[in-house]
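Overview (structure and organization)
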Amino acid sequence: MLDYFPFLNDHNLPYPDTIHPIVVHFVIAMVLFAVVCDVIGYFSGNERLHEVSWWNIFIATISIFVAIIFGQFEAGLAQPYEQAQSVLSLHTLIGWSLSGVLAAVTAWRYVLRRRNPKKIPFSFLGMGLVLTAVVFVQVYLGDKLVWVYGLHTVPVVEAIKEGVLR
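We now turn to the structure provided with this report. (Residues numbered from 1 in each chain as written. Predicted model: local features only at pLDDT ≥ 70, side-chain atom pairs only at ≥ 80, totals over all residues. Heavy atoms only, no water.)

1. Quick word on the side chain of serine 53
Residue placement: serine 53 occurs in helix H2 (residues 48-78). Overall, serine 53 belongs to the buried group, its relative accessible area being 2%. Sequence-distant contacts of serine 53, that is, excluding residues within four places in its chain, are made with Ala34, Cys37, Asp38 and Arg109. (Helix = DSSP H or I, 4+ residues; strand = E, 2+ residues; numbered from the N terminus. Buried < 20%, exposed > 50% of the residue type's maximum accessible area, 1.4 Å probe, protein only. Contact = heavy atoms within 4.5 Å.)

Take a look at the structure:
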């Protein structure tokens, strides 16, 4: 595959830096903010926070697929070595699963919004906490790929090209 990208930089990318983390941090922030708005709105009775939550979760659902596309592309260009492969595979599996879960939660939220935009059930808050936990696991795995295994960092890319890492 790398033969089709002759102009890869020292990060093994055809563009200056990784895009996946930029988009994915946007998704993380929007999901967490949506959950926080729903929790505060539920307990305070502030109905406007439910509207804020809806739009955040809706945009996050669209954005997660953009993050996955860039993540898949950049993971392929990373040429992960053996020690990083299992973490990258788990990160990929959870990422795709999270996109499905987020889409389902957004669909559920849409139905709730259509029925009564001023109120959400307590069970939806529980699902928000489960979603938050999965997001935190995914963040941990992504951090591990960068800060422990060094994917797309110059020293690791050079070591892979020189055959030091396999």
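2. Details of the pattern of salt bridges
Applying the stated criterion across every chain yields a total of two salt bridges. The partner of aspartate 38 in a salt bridge is arginine 109, with the nearest N and O atoms 3.3 Å apart. Of this pair, aspartate 38 sits in helix H1 (residues 20-44) while arginine 109 sits in helix H3 (residues 82-115), and the two are 71 residues apart along the sequence. Each member of the pair, aspartate 38 together with arginine 109, is buried. (Salt bridge = Lys/Arg side-chain N within 4 Å of Asp/Glu carboxyl O.)

3. Details of empty space enclosed by the protein
Enumeration according to the criterion identifies one cavity of 30 Å³ or more in this entry. Residue lining of the largest cavity: Ala34, Val35, Asp38, Ser53, Ile57, Val105, Arg109, Phe124, Leu125, Gly128 and Leu131, and that is the complete set. Elements with a contribution of two residues or more to the lining of the largest cavity: H1, H2, H3 and helix H4 (122-147). It is H4 that provides the largest number of residues to the lining of the largest cavity, a total of four residues. A per-class count over the lining of the largest cavity returns seven nonpolar, two polar and two charged. (1 Å grid on protein atoms, 1.4 Å probe; cavity = no way out; pocket = protein on both sides within 12 Å on 5 of 7 lines; lining within 4 Å. Points joined across faces, edges and corners; volume = space filled by probe spheres on them. Nonpolar A, V, L, I, M, F, W, Y, C, P; charged D, E, K, R; others polar.)

4. A few points about the packing of H1 against H4
Angle between the axes and distance between the axes are the two parameters that describe a pair of packed helices. Contact geometry for H1 and H4: axes closest at 10 Å, N-to-C directions at 155°. It follows that H1 is roughly antiparallel to H4 by the angle criterion. The chirality of how H1 crosses H4 is left-handed. Two secondary-structure elements touch here, H1 through Ile28, Val31, Leu32, Val35, Asp38, Val39, Tyr42 and Phe43 and H4 through Phe122, Phe124, Leu125, Gly128, Leu131, Thr132, Val135, Phe136 and Val139. Grouping the amino acids of the contact of H1 with H4 by side-chain chemistry returns 14 nonpolar, two polar and one charged. (Axes fitted to C-alpha atoms, helices over the stretch in contact; angles between N-to-C directions. Parallel < 35°, antiparallel > 145°, perpendicular 65-115°, else oblique. Left-handed = near helix turned anticlockwise from the far one by under 90°.)

5. Observations concerning the layout of surface pockets
In this approach, a probe sized like a water molecule rolls over the atoms, and the result shows the empty space that is left. Estimated volume of the largest pocket: approximately 770 Å³. As for the largest pocket, its lining consists of 37 residues, and the residues nearest its centre are His20, Pro21, Val24, His91 and Gly142. At the level of elements, H1, H2, H3 and H4 are the ones that each hand at least two residues to the lining of the largest pocket. For the lining of the largest pocket, the leading source of residues is H4, giving nine residues. For the lining of the largest pocket, the per-class residue count stands at 21 nonpolar, 13 polar and three charged.

6. Comments concerning helix H5 (residues 154-162)
Within the sequence span of H5, burial applies to Val156, Val157, Ala159 and Ile160. Down the axis of H5, the smallest arc covering the buried residues is 160°, so these residues share one side. Seen from the buried face of H5, the exposed residues on the opposite side, beyond 90 degrees, are Pro155, Lys161 and Glu162. Buried positions along H5 lie against H2. Directly beyond the C-terminal end of H5, a positive phi value near 85° is found at glycine 163. (Arc of directions from axis to C-beta.)

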